[in-house]
Amino acid sequence: MERLLDANLDRAREGLRVLEDWARFGLDRPDLVARSKDLRQRLGLLHRDSYKWARHSATDSAAGLTHPAQSARSSPDQIVAANAARVQEALRVLEEFGRGIDPPLAEEAARCRYRLYDLEVDLLRTHRDGDGRRSLLGRCSLYLIVGAGSRDVVAGALAAGVRIVQYRSKVADPLDDRQRLLEAQELRRLCHSHGALFLVNDRVDLALAVEADGVHLGQGDLPLPVARRLLGPDRLVGSSTHALDQLHRAVAEGCDYVGVGPVNATPTKPGREPVGLAYVAAAASACPVPFFAIGGINLANLGAVVAAGARRVAVVRAITAAPDPQAASAALLEALARVDG
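Scoring rules and cut-offs
Residues numbered from 1 in each chain as written. Predicted model: local features only at pLDDT ≥ 70, side-chain atom pairs only at ≥ 80, totals over all residues. Heavy atoms only, no water. Helix = DSSP H or I, 4+ residues; strand = E, 2+ residues; numbered from the N terminus. Buried < 20%, exposed > 50% of the residue type's maximum accessible area, 1.4 Å probe, protein only. Salt bridge = Lys/Arg side-chain N within 4 Å of Asp/Glu carboxyl O. Contact = heavy atoms within 4.5 Å.

Draft legend 1. Fine view of the side chain of Asp 122. Inspection of the secondary structure puts Asp 122 in helix α6 (residues 103-125). Look at Asp 122 and you get buried, because its relative accessible area is 12%.

Written out as structure tokens, the structure is:
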């Protein structure tokens, strides 16, 4: 039994090292490196010397066995998927056989296995093709919109778990386009280091220049089909909508998601009449793509928005004006998680 546990600890730790090195050298993603290393070290702390002493490769009938599938792995994605599966299988063995003789190891193996499921997805989608972006978009419940000078706010929100951020720098901001470019580049790097999507409001040229994940368009911005032609099929295009006919048109033109609002009056859209919760309820019944309710939404009124049918919200001041943006983000994410939980 000790040989069995030793072999699977070795298998799991070796596979995690493959994932860790790909995250480090192939993806340049320190956040994924840290997550891989944490799992590997957790198992290392429970790898008893007695298990290692039980090792005896000469009498192992399966030592050196290979399979033709191993030589067929030619792409990084195939290698990542294969090693993630290898680790998951080893952790399951440790969980099942460890219960009787090493309960702490069995419990840690179970925890690591569930964390590995998310890690594998994040490693595989880091190439940021269209499917990867849209898959992540579908899992996002809280969308943060920021203006100029918001780096610290974004950093706090990302640390709390926000995974989609929009940069909205308007003409009134005291920035020229060169400054906007530098700011957007910094925010894009910050978002991607956390595995988050980064979009630019309105400016297709700026989105392309900083290699953003997409753009968000208002009703008076560049037409959606034109933006799609410029951006290509892999980047995201979102659209603000204030009525069902606008929503249906955006969907017909191929948007990836829509904003639904403003639900309440908000100083970020002065003069815009709020649409209220009725439009949220209508969108919940009619919208075939992800939609984010937006407009003066905060923790106090989130319950009513959710009750109307929203499962995703976009916010500005609820996070940017909070004394602690990270804590505010965490509270909103927790409240949204309870909806699906």
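This is not the end of the story, as more comes after the structure.
Draft legend 2. Quick look at the pattern of salt bridges. For the structure on display, the rule yields 24 salt bridges. Its salt-bridge partner being Arg 17, residue Asp 21 comes within 3.3 Å of it at the nearest N-O pair. Within this pair, Asp 21 and its partner Arg 17 are both found in helix α1 (residues 2-26), separated by 4 residues, close to a single helical turn. On the accessibility criterion, Asp 21 (26% relative accessible area) is partly exposed. Classification of Arg 17 by relative accessible area gives partly exposed; the value is 37%. A salt bridge links Glu 95 to Arg 99; its shortest N-O distance comes to 3.6 Å. With Glu 95 and Arg 99 both in helix α5 (residues 76-101) and 4 residues apart, the pair spans about one turn of that helix. Judged by its relative accessible area of 9%, Glu 95 falls in the buried class. Put simply, Asp 38, Arg 42, Glu 108, Arg 111 and Arg 115 are held in one network by salt bridges that share partners.

Draft legend 3. Broad picture of the environment of Val 18. Assignment of secondary structure puts Val 18 in helix α1. For Val 18 and Leu 299, which are 281 residues apart along the polypeptide, the C-alpha to C-alpha distance reads 42 Å. Among all residues touching Val 18, those that are not within four sequence positions of it are Ile 79 and Asn 83.

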